[in-house]
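The lines below spell out each chain.
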Amino acid sequence: MSPQDEDALKLDHKSFIDEAIIQRNSLFSLSQNTNILEDPGLTYQHWLSQLTASSQLKLDKYGFFAQSKKDIYRVVFLQLTGSPFEQSYQSKVITAIQNAQQTAQISNPNLKVFHSGLLFHAQHASNQAKREISTIGLGSTLGAIILLLFAFRSAKPILLSLSAIAFGFVGALAICLLAFQEIHLITLAFGASLIGVSIDYSFHFFSSQQSDPQKILKRIGPALALALTSSVMAYLSLTITPFPGLKQMGLFSAAGLSISCLTVLAVFPFFSPIPQRTTAKIFNFIQSTKRPNVYLILIASVILLALSGSNKPWKFQDDIRLLNNSPDELLKNEKLSQTLLGGFDSSRYLLITGDGWQSILQTQEELEQDIIQLKENRALGGIQLLSQYIPSIEKQKESQKILAQHVFNEESLSYYYGKLGLPKSAATHSLDLYKQAAANQLNWLSWSNSPIAELADHLWVETPNKDKAAIAALKPPIDAEALSALNSEKVQYVDKLSNISHILRQYRLEIMLLLALSYGAALFILSLRFKQQALFIILVPLMSTLCAFSLMSLMGIPLNIFSVLASLLILGIGLDMGIVLREEAYSCHAWQTISLSACTTLLAFGLLSLSETPVLYHFGLTILLGITFNWLFSWSLSNSQHSRECTS
């Protein structure tokens, strides 16, 4: 029985019965579809109509359907048994759906199929990310090969560099799988890009080998060890966070860089020196060019920071919705499915828990008055409750008392059937049917196996561990603050998108804190060797990051967690540049090393900044700007007066 019928019976049961008589006599009433003896007051029909009023779905012997002016929609609900983000599971389910679609279209060529659900969005994002990562990997590899051929005129450094990268990637992958048993796609993307940085070690080896191949390890060993230590410490700091994704990234990056660096130091010396290059003039020119005044550089940086702060201050956007790049077709399908299902918001709902289904149903029924108040205050557009489909046992008993008092008694039934022109025996028969039905309440097991339970399949969850929960679907407008006021031990307002955005914000704050600690730790380690010069080494990646963030803000591009993640890479490469330059006394060989390193990084992440995937775009653009500033600041702050030239 619907709440409206219950209130009407309590208020004036005679008027309620008169209205039921009018509906029974109407030729166009839906009352013709119900048994006149079993449902004299049409309470069942009213209850059923209330359930389907919030959506366009109707139920026939073939299942659920909806009808518009032009089309008829058959609705098929799929319940996933695995994670929609698992690629192997994605492939199996979508292949099965496509096979079923092809089979159906054989007999009906005009059949159109519209997909909706997280599975399809996850598949699109995964496929696009894999395509773009493959393109970026190919572009980065080809760029590195061309640069090595241009700089060294030999295939040997190419093969050695690729072997160092391969050892680093495979070793890091094995260590991560050993530690976590699985690895995230974003970890592979971020980690693979960082292992690409390991080619810096190869560049340093090849450049230094030409000047003094007999003492190569003695010359570059301390610099590489210091650069590796500072980078690994920065990435290992991610492993102390409580977030599994960051732990994987930190371990993968630290392991990959370490293995690549060890490969360079342990394997490369066994190969004969590479041929002399013919590009010395280029790097001699870079090394000897007059730098602008250091103070002018600092002043220009401060002006850039001030402009971004005054006109368009840094704005971090952690909203997960901004990272959605689903195609228009999928978004249209989502809109269509929401319309057919009543326009309920799939990402915001009330989660109700309890010791059992009866406890959960009673909790939902206790919320009814609060829901009415929310609707009156326009804090909520509508709601779907599991208790609307199956009342609790207590509620059923209460409804039976009301029906027995006002409808299913001799006086009311005799009046009702008499007005309809039926014999007195109809009243007796109807009362007997009611008593038989009232002897047994509708229990959960019987209801869950009935066809009508499919209408509410999205409103309840039962895990293999027998944990139970119900979901109250909400229709906009939804006032988050008003809904949150309903929170209790058994009721929780859930906003999935806001929760994910909150997690991203926590990730970002954790990374920013660890980034600051990494700068402090690197400054301490570098000061042990370079004394006061350590400050200039740290200043390069710090100013580069700040300027990259400022320029993006001036361009109207919001910052997010992936911009902050990119600043870790800016720090690592900036430290490598500073250490190599100072260890090599700003020689032409040092400029060759850091220039080739900057070029390979810009090639890789320049492609990322063209990505249609927001995650890769923000990450790549930050790197593109940061590495450019890294090289410019390294060149501007270096001393060209006491450096050694390259020899051809």
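Thresholds, definitions, all that
Residues numbered from 1 in each chain as written. Predicted model: local features only at pLDDT ≥ 70, side-chain atom pairs only at ≥ 80, totals over all residues. Heavy atoms only, no water. Helix = DSSP H or I, 4+ residues; strand = E, 2+ residues; numbered from the N terminus. Buried < 20%, exposed > 50% of the residue type's maximum accessible area, 1.4 Å probe, protein only. Contact = heavy atoms within 4.5 Å. Areas by Shrake-Rupley, 256 points an atom, 1.4 Å probe, with all protein chains shown as cover. Phe/Tyr/Trp six-rings, centres within 6.5 Å; stacked < 30°, edge-to-face > 60°. Lys NZ or Arg CZ within 6 Å of the ring centre and 35° of its normal. Core = buried A, V, L, I, M, F, W, Y, C linked by side-chain atoms within 4.5 Å. Patch = residues over 30% accessible without salt bridge, like charges linked within 9 Å, V, L, I, M, F, W, Y side chains within 5 Å. Salt bridge = Lys/Arg side-chain N within 4 Å of Asp/Glu carboxyl O. Axes fitted to C-alpha atoms, helices over the stretch in contact; angles between N-to-C directions. Parallel < 35°, antiparallel > 145°, perpendicular 65-115°, else oblique. Left-handed = near helix turned anticlockwise from the far one by under 90°. Nonpolar A, V, L, I, M, F, W, Y, C, P; charged D, E, K, R; others polar.

Visitor: Looking at this structure, how should I read the overall build of the protein chain?
Guide: Assigned secondary structure in the protein chain consists of 25 helices and 8 strands. For the protein chain, the proportion of its 648 residues judged to be buried stands at 47%. Here the analysis covers contacts within the protein chain between residues at least 6 apart in sequence; of these, 78% occur between residues at least 24 apart. Carbon and sulfur atoms form 61% of the exposed surface of the protein chain, whose accessible area is close to 32500 Å².

Visitor: Whenever I open this one, the packing of aromatic side chains confuses me. Can you help?
Guide: Any pair of aromatic rings gets described here by the distance separating the centres and the angle formed by the planes. The tally for this structure, following the rule as stated, stands at 14 aromatic pairs. Judged by centre distance (5.4 Å) and plane angle (80 degrees), the rings of Phe-205 and Phe-268 are edge-to-face. Of this pair, Phe-205 sits in helix α8 (residues 199-211) while Phe-268 sits in the loop between α10 (244-267) and α11 (280-288), placing them 63 residues apart in sequence. There is no split in this pair, since Phe-205 and Phe-268 are both buried. For Lys-475, the ring lying beneath its charged end belongs to Phe-344, and the centroid distance is 5.2 Å. The ring of Phe-530 has Arg-529 lying over it, and the distance from NZ or CZ to the ring centre is 6.0 Å.

Visitor: Got a minute to help me understand the environment of Pro-614 in this structure?
Guide: Within the secondary structure, Pro-614 is located in helix α25 (residues 614-637). Expressed as a C-alpha distance, the spacing of Pro-614 and Asn-324, which sit 290 residues apart in the sequence, is 7.4 Å. The residues contacting Pro-614, other than those within four sequence positions of it, are Leu-322, Leu-323 and Asn-325.

Visitor: Teacher, can you tell me more about the nonpolar core here?
Guide: Proteins that are soluble and globular tend to have nonpolar side chains buried together. Membership of the largest hydrophobic core comes to 75 residues, with the highest contact counts inside it found for Ile-511, Leu-526, Leu-565, Phe-619 and Ile-623. When residues in this core are grouped by element, the largest group, 15 residues, is from helix α23 (residues 561-583). Trp-357, Tyr-389, Ala-472 and Leu-474 belong to the second-largest nonpolar core, a separate cluster that totals 36 residues.

Visitor: Which parts of the structure should I look at to understand a nonpolar patch on the surface?
Guide: A cluster of nonpolar side chains, namely Val-267, Phe-270 and Phe-271, defines an oily patch on the protein surface of about 320 Å² accessible area. Structurally, Val-267 is set in helix α10.

Visitor: Teacher, can you tell me more about the packing of helix α9 (residues 216-236) against α23 here?
Guide: How two helices sit against one another is set out by the angle between their axes and by the gap between those axes. Across the interface, α9 lies against α23 with an axial gap of 9 Å and an inter-helix angle of 165 degrees. Between α9 and α23, the interaxial angle falls into the category roughly antiparallel. Handedness of the crossing formed by α9 with α23: right-handed. Here α9 contributes Ala-223, Leu-226, Ala-227, Ser-230, Ser-231, Ala-234 and Tyr-235 to the contact with α23, which in turn contributes Leu-568, Leu-569, Leu-571, Gly-572, Leu-575, Asp-576, Ile-579 and Glu-583. Across the contact of α9 with α23, the residue classes break down as 10 nonpolar, 3 polar and 2 charged.

Visitor: I tried to follow the pattern of salt bridges on my own but got confused; where do I start?
Guide: Side chains bearing opposite charge may pair, as long as their charged atoms lie close to each other. Inspection of the entire model under this criterion finds 6 salt bridges. Of the charged contacts, one joins Lys-468 and Glu-462 as a salt bridge, the two residues approaching to 3.7 Å between their closest N and O atoms. Among the residues examined, Glu-462 registers a relative accessible area of 34% and is labelled partly exposed. Several salt bridges share partner residues, and in doing so they unite Glu-6, Lys-10 and Lys-395 into one network.

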